[in-house]
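Reading the structure
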Amino acid sequence: MKAVLFAVAALLAVCIPISAKQCNVNPVNIPKGWITMQQSCRGSMRRQIQTEVGASLQYLAMGAHFSRDGINRPGFAKLFFDAASEEREHAMKLIDYLLMRGELETDVTSLIQIRAPERKSWESGVDALEHALKMETEVTKSIRSVIIACESDPKFNDYHLVDYLTGEFLEEQYKGQRDLAGKASTLKKMLDRHSSLGEFLFDKKLLGMDI
Amino acid sequence: MKMFAFLFGCMLASGAFAADTCYQDVSMDCGQASNSLALPRCNAVFGNYGRHGNVATEMQAYANLHLERSYEYLLSASYYNNYQTNRAGFSKLFRKLSDEAWEKSIELIKHITKRGDTMDFARRSTQEEKTDKNYTVELHELESLAKALDTQKELAERAFYIHREATRNSPHTHDPEIAQYLEEEFVEKQADTIRNLAGHTADLKKFILANNGQDLSLALYLFDEYLQKVV
């Protein structure tokens, strides 16, 4: 009898911790009818997030370049480091939007890849501003392609996302582009006859310093 | 005579650096007939930074590691904010880790250029273990805390490694500036973060074991509410 009890006790001792050691809560079923985003729209949004991340890394490389001792343009460096953080924030805003719409339940890990930025050096401040303007133009173009993918799905015109992208993102893009174009133009005019002094002064202006 | 010997000694001792002067470049080139003014030695490099040892390359790799971790933590924060996981506290915790790593990568880039070097975004550390191809952010609560604890320890131990390389007793690699930068800006804060994450895993461990696991689902809910307050 004792042996049987011991065997039962031993069995329980072995079994209970195994069956009890569950470290997570089982997933639950929630109705999915509210999740309305379509495949092509979702795909283009995901690519857009990677585009914004890529732009953030390219801006970091610009910031790094203008921080160099031999280049010494802290104002440009600040402008580009700030732009890098802004691009990262754009990526986060797009992610938050996807989450609001019931997305990113799976395939989250593959959303972002980190690659070293393509370009590492710039001839001058104007060169970098014009490159930045070109980059922003590309980003604007790709946001437009997301809009097209999301409004032209035959099953579902995603009005709300299209409105969000048009109202918030395109607005910011156009303002940003105008700002970069204005800066490039002012700087280029200053360089006309006084190239190194012009860039020096403009750099301090970017730093918020009055000379 | 003694005075002369002393001066001569000083000149010998500092010879390695004294030969390397910006001033010589300037006086050589200024007033010359040529139009060039290259001044190759007028730079921010001092104390052999980037010339000997691996401190400079490890600093580049350290910036890249922060960059990578920053975006990984951002993905974890996103995962915990989907409607299924719906753990706002865990999301907030990862978001904070992401923000901190992002800021640190920018600071590291600035520091690298402060020391007269350039940033190399492709640089990897010699200490880096093989990248995990099966890496995923889609983990349950305890797993994700475990992963965060491991990656934070990796960041801290990498700082220790660079510090060790910078403080080796050799005139070629000793770099007190890098050592104190790591001490002041990295290791102290890292110890706090590691301690907090270890504490979180200890709490979750107790909840999982307690009451034959009956507490778990409610415990995770409460713990997430707690994280929303303390992070």
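Now for a description of the structure that goes with this document. (Residues numbered from 1 in each chain as written. Chains lettered and ligands numbered in written order. Predicted model: local features only at pLDDT ≥ 70, side-chain atom pairs only at ≥ 80, totals over all residues. Heavy atoms only, no water.)

A short note on the state of the cysteines
The term disulfide refers to a covalent linkage connecting the sulfur atoms of a pair of cysteines. Inspection of every chain in the model, using the stated rule, returns two disulfides over all chains. Linked covalently through their sulfurs, Cys41(A) and Cys150(A) form a disulfide whose S-S length is 2.1 Å. The disulfide joining Cys41(A) to Cys150(A) has a torsion of about 90° about its S-S bond and is therefore right-handed. Taken together, the positions of Cys41(A) in helix H2 (residues 39-67) and Cys150(A) in helix H4 (residues 125-151) put the pair 109 residues apart, joining distant regions of the chain. The disulfide partner of Cys22(B) is Cys42(B), and the S-S distance across this bridge is 1.9 Å. Measuring handedness by torsion sign, the sulfur bridge of Cys22(B) and Cys42(B) sits at about 90° and is right-handed. You can see Cys22(B) sitting in helix H3 (residues 22-29) and its partner Cys42(B) sitting in the loop between H3 and helix H4 (55-79), a full 20 residues away along the chain. Overall, the relative accessible area of 30% leaves Cys22(B) in the partly exposed class. We note that Cys30(B) lacks a disulfide partner, and the nearest cysteine sulfur, in Cys42(B), lies 9.1 Å from it. (Disulfide = S-S within 2.5 Å. Helix = DSSP H or I, 4+ residues; strand = E, 2+ residues; numbered from the N terminus. Buried < 20%, exposed > 50% of the residue type's maximum accessible area, 1.4 Å probe, protein only.)

Let's talk about a nonpolar patch on the surface
On the surface, a nonpolar cluster with roughly 560 Å² of combined accessible area is contributed by Leu197(A), Phe200(A), Leu201(A), Leu207(A), Met209(A) and Ile211(A). In this structure, Leu207(A) sits in the segment after helix H6 (195-206). (Patch = residues over 30% accessible without salt bridge, like charges linked within 9 Å, V, L, I, M, F, W, Y side chains within 5 Å. Areas by Shrake-Rupley, 256 points an atom, 1.4 Å probe, with all protein chains shown as cover. Salt bridge = Lys/Arg side-chain N within 4 Å of Asp/Glu carboxyl O.)

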